[in-house]
Structures are given as C-alpha cells and as structure tokens.
Amino acid sequence: MMEQFHELDQVQLREAIPLSGDMSNALTPTETAPAGTVGTIVEVLDPGQAFLVELFGDWVKLQDPDGLCRAEAQEEGAFRETLGVEVVYPQQMALLSRRRDTKVDLFRLLDDMPEELLDEVQTFAEFLFYRQAKQAPAASPVLSPQTPSS
C-alpha cells in the first residue's frame, strides 16, 4: 500500500531524480538530486499521483561578497540550499514527517482574516503564551513572544 502524501509533508527521495533547473549558481552544481535527498511537498499536482517537491541540499549561509559558503546546521544564518522544485511521484519518495496541521491551518486562517481581527488574535495568543509560561516548571527556559517594533 502506497503512503498518502500531503502538502508540506517532509519527504526523502528513494531514488535519484534529474533536476530541471539551472544550477550554475549553486555552491555545488549538480544535474541530479541523489537518493536520500530531503524535501518538502509544496503542491499536490494530482492527489496520490504527482507532487511538486522542493528538494534541499547541504547547509549553507550567505557570505558577502562571495555568495554562499558551506555551513553547519547550528550556525547563525544557516539554511538548506534549494536544489530545485521537481515533480516527484509516490514511488520515488518516502515520508519523513507529516506537516504540522494546526500551525498550517492557523496561518491560513490568519492570511484570510480581516486586519481588524488580527489584534484580537494576537492578544489572545499572548494571553495563552503567558498562562503557559506561568505553569511551566522553573527549570524550563521560557522564551518571550516576539512583538514587532512600532
């Protein structure tokens, strides 16, 4: 039985697939994404049949003026280099982790919400955050919510 894949699921390639984009500006130009490459499903083209997957390479960071340089995942400013966005079929990938449904759905709601309601949502979210922080054990570090500067 084939796994069911959804938008924003994290996947790993079971086999190498060719990259269709121009990789000339990549840190290490390549024509294929090897088996084991990780990616994120960014669009379901045909449910259960075909998916658009953003494929990621090594950890890199920007280094002025030379562009990208290799980095470790924990380095400040590090991110995974995008190899390409390719059509991938179910037999070519394995599920690593499911999308985080609650956050994804919440962000979609926020995108469609009228501006005048966003302040109420923020106030309620901060209330929940501080209530949880009050209940957290003293040994657990509590981060403060980030608020935009005016």
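Only a predicted model underlies this, so the values are computations on that prediction, with no experimental measurement involved.

(A) Spotlight on the pairing of strand S1 (residues 10–13). Burial along S1 is one-sided: the residues Val11 and Leu13 are buried and none of Gln10 and Gln12 is. Pairing of S1 with strand S4 (residues 38–46) involves three bridges; the strand directions are antiparallel. Among the inter-strand pairings, Gln10 is bridged to a residue of S4, identified as Thr40. Bridging between S1 and strand S8 (residues 93–97) involves four bridges; their strand directions are antiparallel. Bridge pairing links Gln10 to Ser97 in S8.

(B) Layout of the packing of aromatic side chains. With the rule as written, the count across this model stands at one aromatic pair. Between the aromatic rings of Phe5 and Phe51, the centroid separation amounts to 5.7 Å while the plane-to-plane angle is 70 degrees, which identifies the pairing as edge-to-face. Placement of the pair is Phe5 in the segment before S1 and Phe51 in strand S5 (residues 50–63), with a sequence separation of 46 residues. Considered together, Phe5 and Phe51 belong to a single accessibility category, that of buried residues.

(C) Structural detail: unusual backbone geometry. Phi at Leu8 takes a positive value of approximately 75 degrees, unusual for a residue other than glycine. Tracing the backbone shows Leu8 in the segment before S1.

(D) Spatial organisation of the environment of Leu96. Along the chain, Leu96 turns up in strand S8. Of the residues examined, Leu96 reaches a relative accessible area of 45% and is grouped as partly exposed. With 58 residues separating them in the primary sequence, Leu96 and Val38 have C-alpha atoms 8.4 Å apart. Not counting chain neighbours up to four residues away, the residues in contact with Leu96 comprise Gln10, Val11, Gln12 and Val38.

Reading guide: rules and limits
Residues numbered from 1 in each chain as written. Predicted model: local features only at pLDDT ≥ 70, side-chain atom pairs only at ≥ 80, totals over all residues. Heavy atoms only, no water. Buried < 20%, exposed > 50% of the residue type's maximum accessible area, 1.4 Å probe, protein only. Helix = DSSP H or I, 4+ residues; strand = E, 2+ residues; numbered from the N terminus. Pairing = 2+ DSSP bridges. Phe/Tyr/Trp six-rings, centres within 6.5 Å; stacked < 30°, edge-to-face > 60°. Contact = heavy atoms within 4.5 Å.

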